[in-house]
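# Analysis of the macromolecular model
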Amino acid sequence: MESLEALSYCYYYISYHLQDLQYRGENVPENRIFGQYQKDYTDDMKRHIVTELTKENPKFRLVLATVALGMGLNAPSISQIIHCRPPTTLERYMQEIGRAGRNCQPSKALLYNNNSDISKARKGMSDDMINYCKHESSCLREILVNILDFKMSYSTRLLLFFAVMVIRQHRTEQIHVVFKVN
């Protein structure tokens, strides 16, 4: 199934099952708690989604998106990124998951894949991404950090750990999810 087909299928599936629960207030598209974003949308629709996502407390709780939603987006409320298929490089993956946790809130990145998603026959698929998806023996964060050649001393790690603990004590609990379909 191609990515736009998958995006549309997911959108209509969610809409069908939520019915009236998909709106905050009046049943108009501007009040939906989920949306989809792709390159063929009108500029007005894209602007509405981006404007809503960049709010501190957006109506959206879920956005299904292709890679068209990405570069330059600063959406502070995003706390989860879910990939239904991995990007072709670790650099792209890091850039995409970097959308979550912009306001120092806890964030998650989930990556779903199967063997055909990470096949060497897939155009542009890097060996690093294949190895990352198949990796099972150590911390995946270290792999991501190492691609940036970022090495930390023990004292720096300890300092960052305590800084994160302080920040987490002052966070607010909001869950917003962005699906990325490649």
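The rules behind the values
- Residues numbered from 1 in each chain as written.
- Predicted model: local features only at pLDDT ≥ 70, side-chain atom pairs only at ≥ 80, totals over all residues.
- Heavy atoms only, no water.
- UniProt positions renumbered as here; feature names shortened; annotations may be inferred.
- Buried < 20%, exposed > 50% of the residue type's maximum accessible area, 1.4 Å probe, protein only.
- Helix = DSSP H or I, 4+ residues; strand = E, 2+ residues; numbered from the N terminus.
- Pairing = 2+ DSSP bridges.
- Right-handed = clockwise from strand over helix to strand, strands pointing away.
- Core = buried A, V, L, I, M, F, W, Y, C linked by side-chain atoms within 4.5 Å.
- Contact = heavy atoms within 4.5 Å.
- Phe/Tyr/Trp six-rings, centres within 6.5 Å; stacked < 30°, edge-to-face > 60°.
- Salt bridge = Lys/Arg side-chain N within 4 Å of Asp/Glu carboxyl O.
- Arc of directions from axis to C-beta.

As annotated in an unreviewed UniProt entry, the protein chain is DNA 3'-5' helicase from Mizuhopecten yessoensis. Recorded under Catalytic activity (unreviewed entry), the UniProt text for the protein chain is reproduced unchanged: "Couples ATP hydrolysis with the unwinding of duplex DNA by translocating in the 3'-5' direction." The annotation that UniProt attaches to the protein chain under Sequence similarities (unreviewed entry) is "Belongs to the helicase family. RecQ subfamily."

## Observations concerning the pairing of strand 2 (residues 62-65)
The alternating pattern of strand 2 places Leu62 and Leu64 on one face and Val63 and Ala65 on the opposite face, and all of these are buried. One ladder, built from 4 bridges, connects strand 1 (residues 34-37) with strand 2; its direction is parallel. Its bridge partner being in strand 2, glycine 35 is matched across the sheet by valine 63. Each parallel crossover has a hand, and the one from strand 1 via helix 2 (residues 43-53) to strand 2 is right-handed.

## As for the nonpolar core
Counting residues in hydrophobic clusters, the biggest one holds 23 residues, and the most contacted among them are Ile49, Leu53, Val63, Leu69 and Met129. Of all the elements in the fold, those that place two or more residues in this core are helix 2, strand 2, helix 3 (90-97) and helix 4 (127-134). With 4 residues, helix 4 is the largest single contributor of residues to this core. In this structure, isoleucine 49 is in contact with Gln36, Tyr37, Tyr41, Phe60 and Val63, ignoring residues within four places of it in sequence. In this structure, Tyr11, Ile14, Ile33 and Phe34 belong to the second largest nonpolar core, which totals 7 residues.

## Side note on the packing of aromatic side chains
In this structure the tally under the stated criterion is 4 aromatic pairs. Ring plane angle 55° and centroid distance 5.1 Å describe the contact between tyrosine 11 and phenylalanine 34, whose orientation is recorded as tilted. One end of the pair, tyrosine 11, is in helix 1 (residues 3-18); the other, phenylalanine 34, is in strand 1, and 23 residues separate them in sequence. Classification of phenylalanine 34 by relative accessible area gives buried; the value is 2%.

## Description of unusual backbone geometry
Despite not being glycine, glutamine 19 shows a phi value in the positive range, around 45°. Considering the arrangement of structural elements, one finds glutamine 19 in the loop between helix 1 and strand 1.

## Digging into the pattern of salt bridges
Taken as a whole and judged by the stated rule, the model has 6 salt bridges. Aspartate 127 is the partner of lysine 120 in a salt bridge, and the nearest nitrogen-oxygen pair spans 3.2 Å. Judged by relative accessible area, which is 45%, aspartate 127 ranks as partly exposed.

## With respect to the environment of leucine 7
Following the sequence through the fold, leucine 7 ends up in helix 1. Distance in space between the C-alpha atoms of leucine 7 and glutamine 38 is 8.7 Å, their sequence separation being 31 residues.

## Notes on helix 2
Of all the residues in helix 2, the buried ones are Lys46, Ile49, Glu52 and Leu53. Buried residues in helix 2, looked at end-on, bunch into an arc of 135°, giving them a common side. Facing away from the buried surface of helix 2 by more than 90 degrees, the exposed residues are Asp43 and Asp44. On the buried face of helix 2, the contacting elements are strand 1 and strand 2.

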